[in-house]
Amino acid sequence: MFDLRGLAVLLLFYFAGLLLHTLLHVPLPANVIGLILLVAALFAGWVKLEWVEETAQFLLRHMMLFFAPFVVGTIVFFPVFGRYALAIGLSLIGGTLLVLLVTGKVTSWLSGKEGKTDERGRLVE
């Protein structure tokens, strides 16, 4: 099963994220804010990984159960998907290629290897 202490810690960070989201109107979902706070607490050493690891593994193993209502709900939109299949497909492929291109350029720029080639045109390490 899972450890109740780990569940309590995870819920504490979720509710802290919910509180910050509500009070400060942070433009991030409450669960993302809570996750950021949990990661910060893990790195700071305030929370031990052993406290939450078993519960997190349990939740990850059963993640599909959390997405089942969403997946079933998308069946309602099948006619819309069919009507706009070409536009959806092109935007998915185009968006993916754009992200790959930008990621490659930024990675090359950050690694400092862009433009450094030898006399044969090969990339210099």
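Residues numbered from 1 in each chain as written. Predicted model: local features only at pLDDT ≥ 70, side-chain atom pairs only at ≥ 80, totals over all residues. Heavy atoms only, no water.

Peer 1: What is the right way to look at the packing of helix H1 (residues 4–24) against helix H3 (residues 49–61) in this model?
Peer 2: In a pair of packed helices, the angle between the axes and the distance between the axes together describe the arrangement. H3 packs onto H1 with a crossing angle of 85° between their chain directions and a minimal axis gap of 7 Å. Classed by the angle they form, the pair H1 and H3 counts as roughly perpendicular. Two secondary-structure elements touch here, H1 through Arg5, Gly6, Leu7, Val9 and Leu10 and H3 through Trp51, Val52, Thr55, Ala56 and Leu59. By residue class, the composition of the contact of H1 with H3 is 7 nonpolar, 2 polar and 1 charged. (Axes fitted to C-alpha atoms, helices over the stretch in contact; angles between N-to-C directions. Helix = DSSP H or I, 4+ residues; strand = E, 2+ residues; numbered from the N terminus. Parallel < 35°, antiparallel > 145°, perpendicular 65-115°, else oblique. Contact = heavy atoms within 4.5 Å. Nonpolar A, V, L, I, M, F, W, Y, C, P; charged D, E, K, R; others polar.)

Peer 1: Can you help me understand the packing of aromatic side chains in this one?
Peer 2: Between two aromatic rings, the relevant description is the distance of the centres plus the angle of the planes. By the definition in use, this model includes 2 aromatic pairs. With centroids separated by 6.3 Å and ring planes inclined at 55°, the aromatic side chains of Phe78 and Phe81 adopt a geometry described as tilted. With Phe78 and Phe81 both in helix H5 (residues 78–83), this residue pair falls 3 residues apart, about one helical turn. Phe81 sits in the partly exposed class, given a relative accessible area of 39%. (Phe/Tyr/Trp six-rings, centres within 6.5 Å; stacked < 30°, edge-to-face > 60°. Buried < 20%, exposed > 50% of the residue type's maximum accessible area, 1.4 Å probe, protein only.)

Peer 1: Even after reading the chapter, I still don't get the environment of Thr96, so can you show me in this structure?
Peer 2: Mapping Thr96 onto the fold places it in helix H6 (residues 85–111). Take Thr96: its relative accessible area is 45%, and that puts it in the partly exposed class. In terms of polar contacts, Thr96 uses its side chain to reach the backbone carbonyl oxygen of Leu92, at 2.7 Å. (Polar contact = N/O pair within 3.5 Å; in protein donor to acceptor, adjacent residues only side chain to side chain.)

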